[in-house]
Amino acid sequence: MMHYKRYQHWNRKGDVFVVCVDEETTPIGLVCGNSGYNHKRTKPKLFYLLFLCLISFSFFLAPQLFTSRHKFSLLYSFSSEEGGLISKSDFNVCSSVSNGSICCERSSIRSDVCVMKGDVRTDSASSRITLYRNNGHENGEVLRHEKIRPYTRKWEKNVMDTVDELDLVVKGEHSRIHQKCDVKHDVPAVFFSTGGYTGNLYHEFNDGLLPLYITSQQFNKKVVFVILEYHAWWIMKYENVLSHLTEYPIIDFSGDKRTHCFPEAIVGLRIHDELTVNSSLMGNDKTIRDFRDILDRAYWPRIRSLIQDEKREARMNMEKHVSLPSSETKMMTMEEKQDLKKPKVVIIARNDSRAIMNEDSLVKLIEDVGFHVEVLRPQRTTELASIYRVLNSSDVMIGVHGAAMTHFLFMRPGSVFIQIIPLGTDWAAGTYYGEPAVKLGLKYIGYKILPKESSLYDEYDKNDPVLTDPNSVNDRGWEFTKKIYLDRQNVRLNLGRFRKRLLRAYYHSVANESLRFRHQSQ
């Protein structure tokens, strides 16, 4: 299940209000309305009215900022990439922490991050991490106390309440005699939770793996991961990726009762935007493509092993069928070679809601256009290396909006991602997958279905807002969005309309292949 959370940018026209900064650096002009403009100068007699306007909007917006599930849970992001209010410096508040101190970054709406430097020791029994400071205090007085839930959905109270909370405390050096080190590490630690929405592919990448990469890549694998709400299956599922982020064993915070000592601890994960890495917020200008390179290195050893197994199995099958006429064997081989020359489309198929009801006809259409087609039906138990192999070797990925669209991360930059957008999911489809796919370097094609292409067309009157005005239905709350548009909607594609998208993808793929061939021949 996808968990929608909507962000709007403060500086976009059409949102609740717009903040405009005077070109001559005079006071900020606040426009109370849906359109903004820059004031060359704010007159003193207007300042009081503008101040009241600001206060009134603060009261108006406050309850909406944290209302669960209102229009995909209408909340606000401050992406610096979109010109928002949080600058690069806001994410580097704790970039330089003096020894024996703790620094917490709490300005982001997405996550809190605290950095502790010095003599850091864990106590899982009390859910506490203690920093001992050389300050001459001989008693057990707590010099500073912070609380943090190390999960990247800070604005969503319902899920954050389920995440384990940590106490971060600073004490005098003489208190440490009561907490001796059982395991002493000489590299930093990153503490985070795999609770919350873990179990959903989108959230596992967006809320977990990508923030973990953003937070830890600076250490070049010289870092220990300490996990709250540890899941062995999660470790097993992502062990290939994790091994490229750390070269040390991962610690189960609650399960390991020993006192672990570190020279530094980062508690919580930094997150930029949906399924992406903002290079302007990275000290070394890393991008989402650098993360994808890690996926490539993580999965290819396993893929090569799978290929070798298949070759071995093919040789065994060949030995069993030596009686086949050579002409027939040759004909099969030629057909396979001819098929391999065609650009490849992978359909990510859904088995529950938002399924493509005329999937067989769609497959035939794709073949008629000139593609080789493979239908992929990922299951929870499907090995990610196998999925990566299929998508990494494809030219086009097609799927209906949902968490499985996260697999676009497995596509090569330059390939095509066609997302089928059911009724009522326009904003989410673009925000969670369309825009991030473009940042990765994919050609993104959104196919917004018409009401007649939705299974809901047979359930509702043709003038019902469910069909004619999905935004008004989404405004009624998350429960309506989920019940109507996510859980009960399937699609029957208008193949004539969809063919136009396929042709665009085909010509793009052929041109891409020609370009690759020219580069290889040079």
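The name an unreviewed UniProt entry assigns to the chain is Glycosyltransferase, from the organism Solanum tuberosum. Taken from UniProt, the Subcellular location (unreviewed entry) comment for the chain reads in full: "Golgi apparatus membrane".

Caption draft 1: Focus on the state of the cysteines. Counted according to the given criterion, the structure contains three disulfides. Two residues, C94 and C103, share a disulfide whose sulfurs are 2.1 Å apart. Its torsion about the S-S bond being -80°, the disulfide of C94 and C103 is classed as left-handed. The pair C94 / C103 is uniform in exposure class, with both members buried. Across the disulfide from C104 sits C114; the S-S distance is 2.1 Å. Note on the C104 and C114 pair: the S-S dihedral is about 110°, so by sign convention the disulfide is right-handed. Taken together, the positions of C104 in strand β5 (residues 101-105) and C114 in strand β6 (residues 113-123) put the pair ten residues apart, joining distant regions of the chain.

Caption draft 2: Representation of the layout of surface pockets within the structure. Taken as a whole, the largest pocket encloses approximately 1000 Å³ of empty space. What lines the largest pocket is a set of 35 residues, and nearest its centre among them are L201, K237, P378, Q379 and R380. Those elements that provide at least two residues to the lining of the largest pocket are α4 (201-216), α5 (232-242) and α9 (384-392). Looking at the lining of the largest pocket, the element that brings in the most residues is α5, giving five residues. For the lining of the largest pocket, the domains that each give at least three residues are domain 1 (101-271) and domain 2 (344-521).

Caption draft 3: Just the sheet that holds strand β18 (residues 416-421), in detail. Strand order in the open sheet formed by five strands is β16-β15-β17-β18-β19, and the pairing between neighbours is parallel. What marks the edges here is a single partner per strand, and that holds for β16 (372-376) and β19 (443-448). Strand-to-strand twist of the sheet, defined as the mean angle between neighbouring strand axes without regard to direction, takes the value 20°. For β18 and β19, the ladder comprises six bridges, and the chain directions are parallel. Bridging from a neighbouring strand, V416 pairs with K443 of β19. Sitting on the sheet, helix α8 (residues 359-369) is in contact with β15 (344-348), β16 and β17 (396-400), with an inclination near 150° to β16. Against the sheet, α9 touches β15, β16 and β17, its axis set at about 140° to β15.

Caption draft 4: A look at the environment of F225. With respect to the helices, strands and loops of the structure, F225 is situated in strand β12 (residues 224-228). Spatially, the C-alpha atom of F225 lies 8.8 Å from that of D252, the residues being 27 residues apart in sequence. The residues touching F225, leaving out its near neighbours within four places in the chain, are V190, F192, L212, S216, L242, L245, T246, I250 and I251.

Caption draft 5: Structural detail: helix α6 (residues 288-320). For α6, with 33 residues, the first-to-last C-alpha span of 47 Å sits near the 48 Å given by 1.5 Å per residue. In α6, a bend of some 35° at W300 exceeds every other bend along the element, and P301, a proline, comes one to four places later. Of the surrounding elements, those touching the buried residues of α6 are α4, α5, α9 and α10 (426-440).

Caption draft 6: Broad picture of the environment of S254. With respect to the helices and strands, S254 occurs in the loop between β13 (251-252) and β14 (260-267). In this structure, the C-alpha to C-alpha distance between S254 and S124, residues 130 residues apart in sequence, is 5.4 Å. Residues within four places of S254 in sequence aside, it is in contact with S124 and D164.

Caption draft 7: Region of interest: the pattern of salt bridges. As enumerated under the stated definition, the model contains 29 salt bridges in all. Of the charged contacts, one joins R110 and D273 as a salt bridge, the two residues approaching to 3.2 Å between their closest N and O atoms. Here D273 lies in the loop between β14 and α6 and R110 lies in the loop between β5 and β6, a separation of 163 residues in the sequence. Among the ionic pairs, E274 bridges to R110, the shortest N-O distance being 3.0 Å. Residue E274 is located in the loop between β14 and α6, and its partner R110 is located in the loop between β5 and β6; the two are separated by 164 residues in the primary sequence. Of the residues examined, E274 reaches a relative accessible area of 3% and is grouped as buried.

Analysis parameters
Residues numbered from 1 in each chain as written. Predicted model: local features only at pLDDT ≥ 70, side-chain atom pairs only at ≥ 80, totals over all residues. Heavy atoms only, no water. UniProt positions renumbered as here; feature names shortened; annotations may be inferred. Disulfide = S-S within 2.5 Å. Buried < 20%, exposed > 50% of the residue type's maximum accessible area, 1.4 Å probe, protein only. Helix = DSSP H or I, 4+ residues; strand = E, 2+ residues; numbered from the N terminus. 1 Å grid on protein atoms, 1.4 Å probe; cavity = no way out; pocket = protein on both sides within 12 Å on 5 of 7 lines; lining within 4 Å. Points joined across faces, edges and corners; volume = space filled by probe spheres on them. Domains from an automatic or database assignment. Pairing = 2+ DSSP bridges. Axes fitted to C-alpha atoms, helices over the stretch in contact; angles between N-to-C directions. Contact = heavy atoms within 4.5 Å. Expected span 1.5 Å × (residues − 1). Bend = angle between axes of the 7 residues up to and from the residue. Salt bridge = Lys/Arg side-chain N within 4 Å of Asp/Glu carboxyl O.

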